[in-house]
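Here's the letter readout for the chains.
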Amino acid sequence: MPTFGPIKRIEFIKALRKAGFEGPYSGGKHQFMQRGTVRLRVPNPHESDISRDLLARLLKQADISREEWQAL
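Residues numbered from 1 in each chain as written. Predicted model: local features only at pLDDT ≥ 70, side-chain atom pairs only at ≥ 80, totals over all residues. Heavy atoms only, no water.

Colleague: I'd like to hear about the nonpolar core, residue by residue, with values.
Modeller: Note that soluble globular proteins tend to have their nonpolar side chains buried in a common cluster. In this structure, F12, L16, F21, L40, L55, I64 and W69 are the most contacted members of the largest nonpolar core, which totals 19 residues. Elements with a minimum of two residues in this core: α1 (9-18), β3 (38-42) and α2 (52-62). Residue contacts for F12: discarding those within four places in its chain leaves I7, L40, P43, I50, L55, L58 and W69. (Core = buried A, V, L, I, M, F, W, Y, C linked by side-chain atoms within 4.5 Å. Buried < 20%, exposed > 50% of the residue type's maximum accessible area, 1.4 Å probe, protein only. Helix = DSSP H or I, 4+ residues; strand = E, 2+ residues; numbered from the N terminus. Contact = heavy atoms within 4.5 Å.)

Colleague: Report on the packing of aromatic side chains, specifying residues and quantitative values.
Modeller: The final tally for this structure, using the stated rule, is 2 aromatic pairs. A ring pair is formed by F12 and W69, whose centres lie 5.9 Å apart and whose planes are at 45°; its orientation type is tilted. Pair noted here: F12 is in helix α1 and W69 is in helix α3 (residues 66-71), with a separation of 57 residues, a long-range link. As far as the burial class goes, F12 and W69 line up, both buried. (Phe/Tyr/Trp six-rings, centres within 6.5 Å; stacked < 30°, edge-to-face > 60°.)

Colleague: Give a description of unusual backbone geometry that names residues and reports values.
Modeller: Following G23, the chain continues to P24 via a peptide bond in cis, the omega torsion being 15°. Following the sequence through the fold, P24 ends up in strand β1 (residues 22-25). Positive phi is not limited to glycine here, since D63 has a value of about 60°. Examined against the element boundaries, D63 turns out to sit in the loop between α2 and α3. Judged by relative accessible area, which is 61%, D63 ranks as exposed.

And the structure:
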């Protein structure tokens, strides 16, 4: 169950896989993950965690609610 707050990139990827996303795949400057027609860029925070604000924006793009995220 990931928390809704700062999260490590690897934990973010693991949670997205539980939510049905595949990847990460190599893209232009960023890797991406895909679920159906939804394509989500995976940030590379360079040794730091993904911030709460960025996590909120990514989950909105992925069409994952906060409740669904915390249930993963």
